[in-house]
Amino acid sequence: MGNIEEGARKRRRKENIQMAVLSIVGIAGILAVTMIAPNIFQAIPRIMGKKRYKLAFHARTAASRLAIKGHARFVIKNGKKYIEITDAGRNTLALEKEKARIVAMQGKRWDKRYRLVMFDIPQARKHIREAVRSVLRECGFLRLQDSVWIYPYDCEELITLIKSDLHIGKDVLYAVVDSMENDAWIKRHFGLK
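What comes next is a walk through the structure. Predicted, not measured: the structure shown is a model, and the values here were computed from it.

**Considering the sheet that holds strand E5 (residues 142-145)**
Note: strands within a sheet are paired through backbone hydrogen bonds, in either parallel or antiparallel orientation. Across the sheet, four strands lie side by side as E5-E6-E4-E7; this open sheet has antiparallel pairing. In the strand order of this sheet, the two ends are held by E5 and strand E7 (172-177), each with one partner. Neighbouring strand axes in the sheet, compared pairwise and without regard to direction, differ in orientation by 25° on average. Across four bridges, strand E4 (residues 114-119) lies against strand E6 (residues 148-151) in antiparallel orientation.

Take a look at the structure:
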């Protein structure tokens, strides 16, 4: 029974290490590959509670995965191997930062307007459609229909980043709505007055 939870925990751990490596490379711009593990330990103390040598391995593996995903690339300068962030990596960092900001906004003062996000992504790009739904769910959006989501706070930057990162500009619409019928259940969901 615990296999699914353990698998999910391992995936989150790997993603956290990858984001840590990407963040460090993003801040530094370019970083010697031999410096990845020590910088992670300085930037994120006691990450995952594992021993240092094991984390060094995970950090280097995460750097390789980031390169495979196209978020970073390895370059050789003066005989040394470096890792540098790509534009796709910068977009991913910006998206993660905006997601965190959106989640942090929950509980702030509501301006009495809803934000609707609607998308129509073809079946051939189903993985992109699922990625959009996943990001919206993570940020606390409420699903009205499969491809219509609602949020009570300004999230235009997040939607712009999603469109840019996933190359779906024409497939996603963002709307600000002043009123909506039968919205009591939406207000209850978000804890609005």
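Let's pick the thread back up.
**Focus: the nonpolar core**
Among the nonpolar cores identified, the biggest contains 31 residues, and Leu 136, Phe 141, Leu 158, Ile 159 and Ile 162 are the most heavily contacted of them. Elements with a contribution of two residues or more to this core: helix H4 (87-105), E4, helix H5 (126-138), E6, helix H6 (156-166), E7 and helix H7 (184-190). In contact with Ile 162, other than residues within four places in its own chain, are Leu 95, Val 132, Val 135, Leu 136, His 167 and Ile 168.

**Section: the pairing of strand E2 (residues 72-77)**
Relative to strand E3 (residues 80-85), E2 runs antiparallel, the two being bridged by six bridges. Each bridged residue has a counterpart across the sheet, and for Ile 76 the counterpart in E3 is Lys 81. The loop that links E2 with its antiparallel partner E3 comprises two residues; one of these, Asn 78, has a positive phi angle of about 50°.

**Thoughts on the pattern of salt bridges**
A pair can form between side chains of opposite charge whenever their charged atoms are brought close. Under the definition given, this model contains nine salt bridges. For Arg 133, the salt bridge is made with Glu 130, and the minimal N-O distance between the two is 2.9 Å. Of this pair, Arg 133 and Glu 130 both sit in helix H5, three residues apart, which is roughly one turn of that helix. Overall, the relative accessible area of 13% leaves Arg 133 in the buried class. The exposure class of Glu 130 is partly exposed, given its relative accessible area of 36%. Three or more residues joined by partner-sharing salt bridges are found here, namely Asp 111, Arg 113 and Arg 115.

**Considerations on the environment of Glu 157**
In this fold, Glu 157 is placed in helix H6. Taking the relative accessible area as the measure of exposure, Glu 157 reaches 52% and is therefore exposed. A sequence separation of 55 residues divides Glu 157 from Ile 102, and the C-alpha atoms of the two residues are 9.5 Å apart.

**Remarks on the packing of aromatic side chains**
For the structure on display, the rule yields four aromatic pairs. Taking 5.3 Å as the distance between ring centres and 50° as the angle between the ring planes, the aromatic pair formed by Trp 110 and Tyr 114 counts as tilted. Comparing Trp 110 with Tyr 114, the two get one shared label, buried. Aromatic pair Tyr 151 and Phe 190: ring centres 5.9 Å apart, planes at 85°, arrangement edge-to-face. Of the two residues, Tyr 151 sits in strand E6 while Phe 190 sits in helix H7, which places them 39 residues apart along the sequence. Pairwise contacts between aromatic rings join Phe 141, Tyr 151, Tyr 153 and Phe 190 into one cluster.

**A look at the side chain of Asp 171**
Residue position: Asp 171 is located in the loop between H6 and E7. Of note is the side chain of Asp 171, whose polar atom sits 3.3 Å from the side chain of Arg 125. Beyond its immediate stretch of four places on either side in the chain, Asp 171 contacts Met 118, Phe 119, Asp 120, Ile 121 and Arg 125.

Parameters at a glance
Each chain carries its own residue numbering, running from 1 in the written order of its sequence. The model is predicted, so local features are restricted to residues of pLDDT at least 70 and side-chain atom pairs to those at 80 or more, both for listing and for counting; the totals for chains, interfaces and linings are taken over all residues. Only hydrogens and water are removed before side-chain values are computed, so all heavy atoms of the structure are retained for them. Strands qualify as paired when DSSP identifies two bridges or more between them. Strands here mean DSSP runs of E at least two residues long; helices mean DSSP runs of H or I at least four residues long; both are numbered from the N terminus. Inter-axis angles, ranging from 0 to 180 degrees, are taken between N-to-C directions of lines fitted to C-alpha atoms, where helices are fitted over the stretch in contact. Nonpolar cores are built from buried Ala, Val, Leu, Ile, Met, Phe, Trp, Tyr and Cys residues. Side-chain atoms within 4.5 Å join them into one set. Summary of the burial criterion: residues with accessible area below 20% of their type's maximum are buried, those above 50% are exposed, and those between are partly exposed, where the area comes from a 1.4 Å probe applied to protein chains only. Here a residue-residue contact requires only that any non-hydrogen atoms of the pair lie within 4.5 Å. Note on definitions: salt bridges are taken to be side-chain nitrogens of Lys or Arg within 4 Å of carboxyl oxygens of Asp or Glu. Centre distance within 6.5 Å is the pairing criterion for rings of Phe, Tyr and Trp, where only the six-membered ring of Trp is used; planes under 30 degrees apart are then read as stacked, over 60 as edge-to-face, and the remainder as tilted. Polar contacts here mean pairs of N or O atoms no more than 3.5 Å apart (in protein, one a potential hydrogen donor and the other a potential acceptor; neighbouring residues in sequence count only if both atoms are side-chain atoms).

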